[in-house]
Every structure is written in C-alpha cells, then in structure tokens.
Amino acid sequence: MRAAVAGIGLVLLAQACAPHAPAERATEPGDPSPPLAIPDSSAAGDANDASDTAKAADVSDAGDADTHTSLGGYPEQLELFDGDDKLGVVSVPLGAREPRPLMIALHGGSEKVEHACAAWREITDAYAFVVCPHGWGGDELRLGWRNAADTNRRISRAVEATRKTFGAWIKETPTIVLAGFSMGAVQVALVASRQPQTYRRIVIGDSAHRPGSALTFAPAWVKGGGERALFLCTTSGCEPSMRAAAKKVEREKAKARLNIAPTQKHGLSEPVVQSVRRDWPWLVEGAEGWEGYVAPSEELPGKTEPYEAE
C-alpha cells in the first residue's frame, strides 16, 4: 500500500507538508559495533529471534521468511533509536511475504525525515525497507549533512537498527540503492564515489544549488562498479547542471537518466513523486533484491532524457 504524499517540500522554501502519522518508536537496537558504511550483517539473523522482531510472522530460518505469512503489526514508518539518540526512520514494506531489500534515502536540508521517507516510500511503491537516516543538527526543522564520513556513520547506525528490528525479513544483498534529494543528493554523490561497489544504483535529486559533487563523482563511481544513476530536476534552473552530470556518467560508459518533473517547485511534491515512479523500474532493473518489484502500470507525469550510450 502506497502512502499518499501531498505537498512534501523543503521547510526553507516554506512549502506546506501533508499531515502524517508520526513514526512509532522501534525496538531499542542497543549499542551497535563500530560503524561501517554498511554494517556486517552476517550475524543479523542469528541475533534476532523472529518471534520478537517480526510481528505477525513465522520465520523458518535466519534468511528465509515463511511465505505463508506476511509482515504486519508495524506502522508504515517506524522511528529508529539507539538509547535516546534518534537515528532516523524506516518505511516498512507491510504485507511482504518474503524478505525485502534495504535502500537508503537521504533527506534534504531542513526537511523532516518523516516527510522525505514518506515520499520515497511512495516512489518505490512500498516494496523495500526504506532506511532514512537522521541528518546532523539538534533542531528537527534545521537538519542537514556535514560530510561523507559523518553521513556514512549515520547510515550505518540506522541500517544496523533496522536489521536488529526486522531480522530475517530483510533480504541481504551486496549492493544497496542510495537516493537523496537536494542537500541529501549532494551527499549521495560523495558517498557513492567512495563506495561504488556498494552503491551501484543511485538517485541524485536536484542538487543544482551545490552541483559540484554531482559533476565530479562519475569517474571514481563508474570505475568502482557504478551502474545506473538517475538524476532528478524539479525546476528548470536545475536542468543544465544535472544534464551535464548525466552526460558525464554516460561518457564513463555507465547508464544515466534525467527525470524532469512537471513542477517549478523545489521539493518532493506529489507530481515529483509520480514522475520519479516512472523511472524507478529502470533504476532497479536487475538490481539485487528487487526481483519481485512490479513496475507501475498507469501513465505517469513528467519526461525522461536517457543517457545510455552503449
């Protein structure tokens, strides 16, 4: 079930945000081991008894959920904590009958984590566990990102908490989709260029205000294994830099697309969400863990420019 998203946008630009149910608090994850970009998950199944972490489900072993049951008993969004530390939220693929993959979504500057995560939930048709780390800053209305190292630590802690909470319902994959919007998209390019073997499919959503990382990440990312990059524009002023970034990915012999949403407002509004849904099947085609994802069948707004030279 997709969560409806209406008027989601950046607080700095004073866009109205749609009302939503607050994320509920997750099971306390305890003290995680020293963070990696993606934590070692080899013990994730053993450490989580499915009767405690996967409500309304019977899990037959550490890596295979019983297909006769479905994932339930959780809200659409669950807030992640480590003690009193807010780690972020996770969008839960309610109704899943088999393990689902993780993906990471980084919110924009001064954008509430819950609002951003609701948008990415709808973009992905609630197929995956969408882990939305909490950015840097003490004010919930002024969150941002500092640097790639700090962002990696935040990703690591949020992913670890999600794995401890959902155990065998998570399909472990060697690669993970990484997406971000605005300031979060700046971080996507920085993080992906340093860990291309993990983040081979990425979304850089309208980082035209600081396009440097999007315009320079391609060589290292493609050389390290990067495969597909989806660039997103919500305003016409974004298009020159994001188009140039897509062309650079193409020149490095990887595939890119520029999604141009039918709006002139910088934010993950409903028309933007629907426009990105149009290109999501292309982004995750052949990606580990997304084999069961079903592409939208309806006609969707916006347009796409492909940069996929063979």
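Just above sits the structure.
Sequence order as written defines residue numbering, which begins from 1 separately in each chain. Only residues with pLDDT of 70 or above have their local features reported here, since the model is predicted, and side-chain atom pairs are shown and tallied only from 80 upward, although totals for entire chains, interfaces and linings are computed over all residues. Hydrogens and water are ignored here; the side-chain numbers use all heavy atoms of the structure.

Enquirer: Just to check I follow, could you spell out the nonpolar core for this structure?
Expert: One broad trend across soluble globular proteins is that nonpolar side chains are buried collectively. Counting residues in each nonpolar core, the largest one holds 50 residues, and the members touching the most others are Phe166, Ile202, Ile204 and Phe231. The dominant element in this core, judged by the number of residues it contributes, is helix H4 (residues 148-166), at 6 residues. Pairs of residues are marked as contacts when any of their non-hydrogen atoms sit within 4.5 Å. In this structure Ile202 touches Leu178, Val188, Ala192, Phe217, Trp221, Arg228, Ala229, Leu230 and Leu283, once residues within four positions along its chain are discounted. Membership of the second largest hydrophobic core comes to 31 residues, among which are Ala119, Ala179, Ala287 and Trp290. Nonpolar core, defined: a set of buried Ala, Val, Leu, Ile, Met, Phe, Trp, Tyr and Cys residues in which side-chain atoms within 4.5 Å join the residues together. The cut-offs for exposure are 20% and 50% of the maximum accessible area for each residue type, with area from a 1.4 Å probe on protein chains only; residues under the lower value are buried, those over the upper are exposed, and the others partly exposed. Counting from the N terminus, the helices are the DSSP runs of H or I reaching at least four residues and the strands are the DSSP runs of E reaching at least two.

Enquirer: What should I look at first to understand the packing of H4 against helix H5 (residues 183-194) in this one?
Expert: What describes two packed helices is the angle between their axes and the distance between those same axes. At their nearest, the axes of H4 and H5 sit 10 Å apart, and the two run at 85° to each other. By the criterion of interaxial angle, the relationship of H4 to H5 is roughly perpendicular. Counted together, Ala148, Thr151 and Asn152 of H4 and Gln187, Leu190, Val191 and Arg194 of H5 form the full contact between these two elements. Each residue belonging to the contact of H4 with H5 can be placed in one class, and the counts come to 3 nonpolar, 3 polar and 1 charged. For every element, the axis is a line fit to its C-alpha atoms; helices are fit only across the contacting stretch, and the angle between N-to-C directions ranges from 0 to 180 degrees. With respect to orientation, any angle under 35 degrees is reported as roughly parallel, any angle over 145 as roughly antiparallel, any angle of 65 to 115 as roughly perpendicular, and every other angle as oblique. Asp, Glu, Lys and Arg are counted as charged, while Ala, Val, Leu, Ile, Met, Phe, Trp, Tyr, Cys and Pro are counted as nonpolar; the rest, among them Gly, fall into the polar class.

Enquirer: In this structure, what is going on with unusual backbone geometry? I would like to understand it.
Expert: Both trends apply: most residues other than glycine have a negative phi, and most peptide bonds are in trans. One non-glycine residue with positive phi stands out, namely Ser182, at about 60°. Relative to the elements of secondary structure, Ser182 occurs in the loop between strand E8 (177-181) and H5. Residue Lys253 is not a glycine yet carries a positive backbone phi of 75°. Along the chain, Lys253 turns up in the loop between helix H8 (239-251) and strand E11 (255-260). Here Lys253 falls in the exposed class, since its relative accessible area comes to 64%.

Enquirer: How should the packing of aromatic side chains be read in this particular structure?
Expert: The relation between two aromatic rings is expressed through the spacing of the ring centres and the mutual angle of the planes. Between rings of Phe, Tyr and Trp, where Trp is taken as its six-membered ring, a pair exists when centres lie within 6.5 Å; planes separated by under 30 degrees are stacked, by over 60 edge-to-face, and by other angles tilted. Across all of its chains, the model carries 9 aromatic pairs by this definition. Measuring from centroid to centroid gives 6.3 Å for Trp120 and Trp280, while their planes differ by 55°, and the two rings are tilted. A residue pair is termed long-range when its members are at least 10 positions apart, and Trp120 in helix H3 (residues 113-123) and Trp280 in helix H9 (residues 270-284) qualify at 160 residues. A single burial state applies to Trp120 and to Trp280, both of which are buried. Connected via pairs of aromatic rings, a cluster forms that spans Trp120, Tyr127, Trp280, Trp290 and Tyr293.

Enquirer: Would you explain the state of the cysteines in this entry?
Expert: Put plainly, a disulfide is one covalent bond tying together the sulfur atoms of two cysteines. The rule for a disulfide is simple: a pair of cysteine sulfur atoms within 2.5 Å. Tallied over the entire structure, the rule returns 2 disulfides. Between Cys117 and Cys132 runs a disulfide, and the two sulfur atoms are separated by 2.0 Å. Its torsion about the S-S bond being 85°, the disulfide of Cys117 and Cys132 is classed as right-handed. Of the two residues, Cys117 sits in helix H3 while Cys132 sits in strand E7 (residues 129-133), which places them 15 residues apart along the sequence. At a sulfur-sulfur separation of 2.1 Å, the disulfide partner of Cys233 is Cys238. Taking the sign of the torsion about the S-S bond as the criterion, the disulfide between Cys233 and Cys238, at about -75°, is left-handed. Taken individually, Cys233 and Cys238 each receive the classification buried, so the pair is uniform in this respect. Should the bonded cysteines of the protein chain be numbered as they appear in the sequence, the pairing reads 1-2, 3-4.

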